[in-house]
Amino acid sequence: MINRIRDIRKAKGMTLADLALACHPPTTAQTIGRLETGMRNLSIKWMDRIGHALDVDPESLVRSDTAPQPKVVARLGASGAEALETPAEAVLPSDLASGTAQKPLMVVTVTESVGEFRPGDMLWLKELLPDDAAEAINRDCLVPRPGARFAFGRLIDRRGTLVGILPPGSGLKQQVVDNPPWIAVAVMLVRPL
C-alpha cells in the first residue's frame, strides 16, 4: 500500500502543523510526519482522524502500489521547467473533495467557446450552501434556476436571497437567481491540449 497523506496534505496547502492541529484531538507535527513516512503505523483510527482533518474519505489516504497513478515530475515557473528532486503523486480533484463533510465535486463540460472557456474544457466545481456565498464572490459559479436550468458565470452580488451572476463573454446582462438551494464554485479547470 502507498501512503498518500503527504501528497493530499500538500495539495490542500496544509503544513504538518496545520494538519496536526486540525486532527481531533490535536496531535503533533512530528507524529503526522512519522505517519506520512511510515515510521509510525497508520491504523484505521489514524486514517479516520487524518481523513476528517483533511476532509477526504479515509480510504483515499492509501492506495494499492500496483495501481498506476499520475506523477508530478516538474514545476513550471518564470525561469522554465524544473525537475522535482523526487516525483510526487498527482492528487486527483475527486480525491480532494471526497470527505464525508463535502459533497462530491461537480463537473461542467464546455461545448462551445464562451468567454475564456474553450470546447473540451472541464470545470470542476465545489458545492457551497448559499450562506457560504461570500467565499465565491468574483469567482465562476454554477447556480441552479427553476425549471431544471442553470446560471453560470462570475458571482458578482449577493443580497438577501438574491444571487447575481455575470455570464462569461462580452455584452451579456447579469442574471439574478432568487434563493438557490446551493452555489457551486469553480475550483479547477481541466483543458485538453
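Definitions and limits used
Residues numbered from 1 in each chain as written. Predicted model: local features only at pLDDT ≥ 70, side-chain atom pairs only at ≥ 80, totals over all residues. Heavy atoms only, no water. Helix = DSSP H or I, 4+ residues; strand = E, 2+ residues; numbered from the N terminus. Buried < 20%, exposed > 50% of the residue type's maximum accessible area, 1.4 Å probe, protein only. Contact = heavy atoms within 4.5 Å. Salt bridge = Lys/Arg side-chain N within 4 Å of Asp/Glu carboxyl O. Pairing = 2+ DSSP bridges. Axes fitted to C-alpha atoms, helices over the stretch in contact; angles between N-to-C directions. pLDDT = per-residue confidence, 0-100. Core = buried A, V, L, I, M, F, W, Y, C linked by side-chain atoms within 4.5 Å. Phe/Tyr/Trp six-rings, centres within 6.5 Å; stacked < 30°, edge-to-face > 60°. Lys NZ or Arg CZ within 6 Å of the ring centre and 35° of its normal.

Let us now look at the side chain of Thr31. Locating Thr31 in the fold gives a position in helix H3 (residues 29-37). Under the relative-accessibility criterion, Thr31 is labelled buried at 12%. What Thr31 contacts, discounting residues up to four positions off in sequence, is Arg40 and Trp46.

Applying the stated criterion across every chain yields a total of six salt bridges. For Glu135, the salt bridge goes to Lys126, with nearest N and O atoms at 3.6 Å. On the basis of relative accessibility, which here comes to 22%, the residue Lys126 falls in the partly exposed class. Shared partners join several salt bridges into a network, and the residues in it are Arg6, Arg9 and Glu36.

Attention shifts here to the sheet that holds strand S5 (residues 106-109). Across the sheet, seven strands lie side by side as S5-S6-S11-S7-S8-S9-S10; this open sheet has antiparallel pairing. With partners counted over all chains shown, the strands left at the sheet margins are S5 and strand S10 (175-178), one partner each. Averaged over all pairs of adjacent strands, the angle between their axes in this sheet comes to 45 degrees, without regard to strand direction.

Let us now look at the confidence of the model for the protein chain. In this model, the protein chain carries an average pLDDT of 86, and 94% of its residues clear a pLDDT of 70 or more. Across the protein chain, the secondary-structure element scoring lowest on mean pLDDT is helix H5 (residues 93-96), at 65, and the one scoring highest is helix H2 (residues 16-22), at 96.

The next subject is the nonpolar core. Ranked by internal contacts, the top residues of the largest apolar core, which has 18 residues, are Leu19, Ile32, Leu42, Ile50, Leu54 and Leu61. Among the elements of the structure, helix H1 (5-11), H2, H3 and helix H4 (44-54) are those that each provide at least two residues to this core. Here this core gets five residues from one element, more than from any other, and that element is H4. The contact partners of Leu19, leaving out residues within four places of it in the chain, are Ile5, Arg9, Met14, Ile32, Ile50, Ala53 and Leu54.

Let us look at the packing of aromatic side chains. Centre distance and the angle of the planes are the two values used to describe a pair of aromatic rings. Within this structure, the stated rule accounts for two aromatic pairs. When the ring of Phe117 is compared with that of Phe152, the centres are 5.8 Å apart and the planes differ by 65 degrees; the resulting orientation is edge-to-face. A residue pair is termed long-range when its members are at least 10 positions apart, and Phe117 in the loop between S5 and strand S6 (122-128) and Phe152 in strand S8 (residues 149-159) qualify at 35 residues. Taking relative accessible area as the criterion, Phe117 reaches 4% and is therefore assigned buried. On the accessibility criterion, Phe152 (18% relative accessible area) is buried. On the basis of an interplanar angle of 45 degrees and a centroid distance of 6.2 Å, the ring pair of Phe150 and Trp182 is categorised as tilted. A residue pair is termed long-range when its members are at least 10 positions apart, and Phe150 in strand S8 and Trp182 in the loop between S10 and strand S11 (183-190) qualify at 32 residues. Look at Phe150 and you get partly exposed, because its relative accessible area is 46%. Between the NZ or CZ atom of Arg49 and the centre of the ring of Trp46, over which it lies, the distance is 4.2 Å.

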